[in-house]
Amino acid sequence: MLRLEKLPMELLILLVQRHGELVSRDDIAGCLWGKDVFLDVDHSINTAVRKIRVALRDDPEKPRFIETIVGKGYRFAATVTCNNGNPNPQVQPPPAPVLSELAVLSTQKRFFSIRLWVLLVVAAILAVGAGLWFRRTEYFWRDPIAAARFQTVTEFEGVEQAAAVSRDGQFVAFLSDRDGQMDVWVTQVGSGRFHNLTHGSQAELVNPSVRTLGFSPDGSQVTFWVRKKDASGEGDISIWAVPTLGGQPMPYLEGAAEFDWSHDGSQLAYHTAGPGDPLFVVDGDRQAKARPIFTAPAGIHAHFPSWSPDDRFIYFVQGALPDKLDIWRISPSGGNPERITSHSAQVSHPVFLDRHTLMYLVGDPEVTGAWIYSMDVERRIPHRLSSGLERYKSLAASADGRRLVVTLASPMNTLWRSQIADSPAQASAPARISLTTGRGFSPRLGPNFFLYVSATSTSESIWKLVDGAATELWNGQEAQVFGGPAVAPDGNHIAFSVRQRGQTFLYVMQADGANARVATDALDLQGVPAWAPDGQSVTSAANDHGATHLFRVPIDGRPPTAFVQEYSVDPTWAPDGRFLVYSGADIGTSYPVKAVTADAAVYPLPALTLTRGARHLAFLRGGRELVFLRGDIRHKNLWSMDVGTGAERQLTYLPADFDIRDFDISANSPEVVLERVQEHSEVVLVDLHRP
């Protein structure tokens, strides 16, 4: 059935009645509106013709029905045949005696037609409005885990993470340090038995930025991400596999960081650890060479590839680590990726329950763990599923979407003091700092005091500790202090970055908390702020049209200015102001440390490449030594490098279970303050109620 409004339908009838003839615009105006009409008939005719073409799917460039005779009018070009076979339909006028009676009937019918038309228009408006409301609110949306059954799989002491489930939902694999070192473990659902598959044979298995564990499509092998010890290049990362029932680990995908098989098993998508995480698709052959279908821009990462249930798209997480990420999708043949979510947060672990329902995790780097979200990929309205205090570290799903496996996180952040040691024999055990606020993070040392950030469920605050007494300096409702506070060189002022209600602010206040004010709200700030040695400006990274680089922010209210043009974060000034060091773009799991002068010229710093994780930099001994964290992603120690000679030395000798998240060091004393993260987590099975 052809659906047209009244005016376009009348015009179509007129053109059909005179098919093959030119109907001028004056004729159309006279027939449809009369001779003395006062309206823009040209615009109305154009609109009516356009609607007819849309209804008939007629191309104005190659018309099958309505031909435009430029400057004159229109012609109906298609052949017209009546039901009686007459190819020349004409509307005959009625006999003269009944004209007046027909006129009365026509007037009555027109009156009722107008009323009916108004009612139909109102009904249509209400229907469209209701449809838009239902679409916007997803009134019929239902929480996919509302009626789910939760079952704890592991109750070990220590850490379990990166849980994965086989396609048939019968086996669960996870990482655990149950035997001392982090290993790959597996259990058959319901058996209560756990098997260590790697037995300490792999040096480094932990990487929270990727999906580290998986299964082969038939479930016969558990696959795992592995990084060679002390590796720094992209070729030192690979996917290995071990038989699910036990056996010798073997290489599975050399040089790949993550992978996913299509649901029909015919195609393999994987990305390497090169710049931009190049994404490849091959037809079933793991050894086949291919050209990438997509590579992210410099400084941007693309992780967690996952095929859609119909294998039409590859979904993946793209953005700047650690907390400017979203889910995108791309065709297996390549092209421009399409953005699916708009969180700009720590997004990870996308999985599908069915062809419409996408689930994933959303968190932030200042808090361990994330919430579970779900959305219909067509409507794209995100719903947070976990409304309590529970946080998750990983999420995986069986092929039929009826079983999930998650890692439930229970982290604890504590602050500690330690001393620089010249050898393991001289190292002393760190001492915990007692805090009246309970949890504390992002410690920073000042003259005779140190600062830290504390958090409640609704706010974050900055505290100052002097001789064991804590004083709150600043508190922000629904605010997140990120990157940690920065103490001015003279110790009299403090700068800190805040994310609040979707916007970022750089604050400056006195060291006693007085006169807090916004130095700038014009930048999308990122990471750690750093005072310039003269105390007149603060250097901070910011997202500038998708590129992250350093800016100078004067504290006297003048506008910020760009400082370093290339990708740059985590700035730290040398005490004498001669140069500034910063972190460059991540490549795989490592990143370079670079330096520039106060005029933004390249400064000749000895080559230094570090592993992703805690990234804070500091100076020691008047700026002669640069202090940094070195080790694997999960466990690091403090090291220093002589900025003139490149000579390095180890400063701390922390036990293997001491995971540093942040630190600060006194420029002229051997004291170090450390933020330690202690994780206790459990693997949980979630059986979904699916109709």
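Because the structure is predicted, anything quoted here is derived from the model rather than measured.

Reading the values: rules and limits
Residues numbered from 1 in each chain as written. Predicted model: local features only at pLDDT ≥ 70, side-chain atom pairs only at ≥ 80, totals over all residues. Heavy atoms only, no water. Helix = DSSP H or I, 4+ residues; strand = E, 2+ residues; numbered from the N terminus. Buried < 20%, exposed > 50% of the residue type's maximum accessible area, 1.4 Å probe, protein only. Contact = heavy atoms within 4.5 Å. Areas by Shrake-Rupley, 256 points an atom, 1.4 Å probe, with all protein chains shown as cover. Arc of directions from axis to C-beta. Pairing = 2+ DSSP bridges. Salt bridge = Lys/Arg side-chain N within 4 Å of Asp/Glu carboxyl O. Axes fitted to C-alpha atoms, helices over the stretch in contact; angles between N-to-C directions. Parallel < 35°, antiparallel > 145°, perpendicular 65-115°, else oblique. Left-handed = near helix turned anticlockwise from the far one by under 90°. Nonpolar A, V, L, I, M, F, W, Y, C, P; charged D, E, K, R; others polar. Phe/Tyr/Trp six-rings, centres within 6.5 Å; stacked < 30°, edge-to-face > 60°. Lys NZ or Arg CZ within 6 Å of the ring centre and 35° of its normal. Polar contact = N/O pair within 3.5 Å; in protein donor to acceptor, adjacent residues only side chain to side chain.

Caption draft 1: Spotlight on the overall build of the protein chain. Assigned secondary structure in the protein chain consists of four helices and 48 strands. Across the 691 residues that make up the protein chain, the buried fraction comes to 50%. Long-range pairs, those at least 24 residues apart, make up 43% of the contacts in the protein chain with a sequence separation of at least 6. Just so you have it, the protein chain exposes about 32900 Å², and 52% of that area is on carbon and sulfur atoms.

Caption draft 2: Looking closely at helix α2 (residues 25-33). Every buried residue of α2 is listed here: I28, A29 and L32. Down the axis of α2, the sector holding all buried residues measures 100°, keeping them to one side. Pointing more than 90 degrees away from the buried face of α2 are the exposed residues D26 and C31.

Caption draft 3: Fine view of the pairing of strand β24 (residues 391-397). Counting buried positions along β24 gives five out of seven residues, so the element sits mostly inside the fold. Note that β24 and strand β25 (residues 403-419) share six bridges and pair antiparallel. Among the inter-strand pairings, A396 is bridged to a residue of β25, identified as V405. Counting the residues that bridge the hairpin from β24 to β25 gives five residues, and of these G401 lies at a positive phi of roughly 70°.

Caption draft 4: Structural detail: the pattern of salt bridges. Scanning all chains against the criterion turns up 22 salt bridges. Salt-bridge contacts for R444 lead to D662; the nearest nitrogen and oxygen are separated by 3.2 Å. Of this pair, R444 sits in strand β27 (residues 441-446) while D662 sits in strand β47 (residues 659-665), and the two are 218 residues apart along the sequence. Residue R444 shares its accessibility class with D662, and that shared class is buried. Between D657 and R676 there is a salt bridge, and its shortest N-O distance comes to 3.7 Å. Here D657, found in the loop between β46 (648-650) and β47, pairs with R676, found in strand β48 (residues 671-687); they are 19 residues apart in sequence, far enough to count as distant. For D657, a relative accessible area of 52% gives the class exposed.

Caption draft 5: Quick peek at unusual backbone geometry. Of note, the bond from L321 into P322 is cis; its omega dihedral lies within 30 degrees of zero at 5°. Residue placement: P322 occurs in the loop between β17 (314-320) and β18 (324-330).

Caption draft 6: Fine view of the sheet that holds strand β5 (residues 160-165). Pairing is antiparallel across the open sheet formed by four strands, whose spatial order is β5-β6-β7-β8. Only two strands of the sheet have a single neighbouring strand rather than two, namely β5 and β8 (195-196). The sheet contact formed by β5 and strand β6 (residues 171-176) spans four bridges and is antiparallel. By the bridge assignment for β6, Q161 is matched with L175.

Caption draft 7: Inspection of the packing of helix α1 (residues 6-17) against α2 at higher detail. Interaxial distance between α1 and α2 falls to 11 Å at its minimum, and their mutual angle equals 120°. With respect to each other, α1 and α2 are oriented oblique. The two elements α1 and α2 cross, and the hand of that crossing is right-handed. Here L7, E10, L11 and L14 of α1 come into contact with α2, specifically with I28, C31, L32 and W33. Classifying every residue of the contact of α1 with α2 gives seven nonpolar, no polar and one charged.

Caption draft 8: Here's a closer look at the packing of aromatic side chains. Evaluation of the coordinates by the stated rule reveals 17 aromatic pairs. With a centroid separation of 6.5 Å and 80° between ring planes, the pair formed by F313 and Y315 is classed as edge-to-face. In this structure, F313 and Y315 share a single accessibility class: buried. When the centroid spacing of 5.9 Å and the interplanar angle of 10° are considered together, the rings of F563 and W573 count as stacked. Placement of F563 in the loop between β38 (561-562) and β39 (569-573) and of W573 in strand β39 is noted, with a sequence separation of ten residues between them. Neither residue differs from the other here; F563 and W573 are each classed as buried. Among the aromatic side chains, those forming a connected cluster through ring pairs are W474, F496, F505 and Y507. For R552, the ring lying beneath its charged end belongs to F563, and the centroid distance is 3.9 Å. Here the guanidinium or amino end of R630 rests over the ring plane of W639, the centre of that ring lying 5.7 Å away.

Caption draft 9: A look at the side chain of T572. On the secondary structure map, T572 appears in strand β39. Only 3.1 Å separates the side chain of T572 from the backbone oxygen of L617, close enough to count as a polar contact. T572 has contacts with A530, L580, V581, L617, A618 and F619, leaving out every residue within four places of it along the chain.

Caption draft 10: How the structure looks around the environment of D183. Residue position: D183 is located in strand β7 (residues 183-188). Sequence separation of D183 and L205 is 22 residues, and the distance between their C-alpha atoms is 7.4 Å. Apart from the residues lying within four places of it in its own chain, the contact partners of D183 are F174, L175, S176, N196, T198, H199, G200, S201 and L205. A polar side-chain atom of D183 sits 3.3 Å from a polar atom in the side chain of N196. A polar atom in the side chain of D183 sits 2.6 Å from the side chain of T198.

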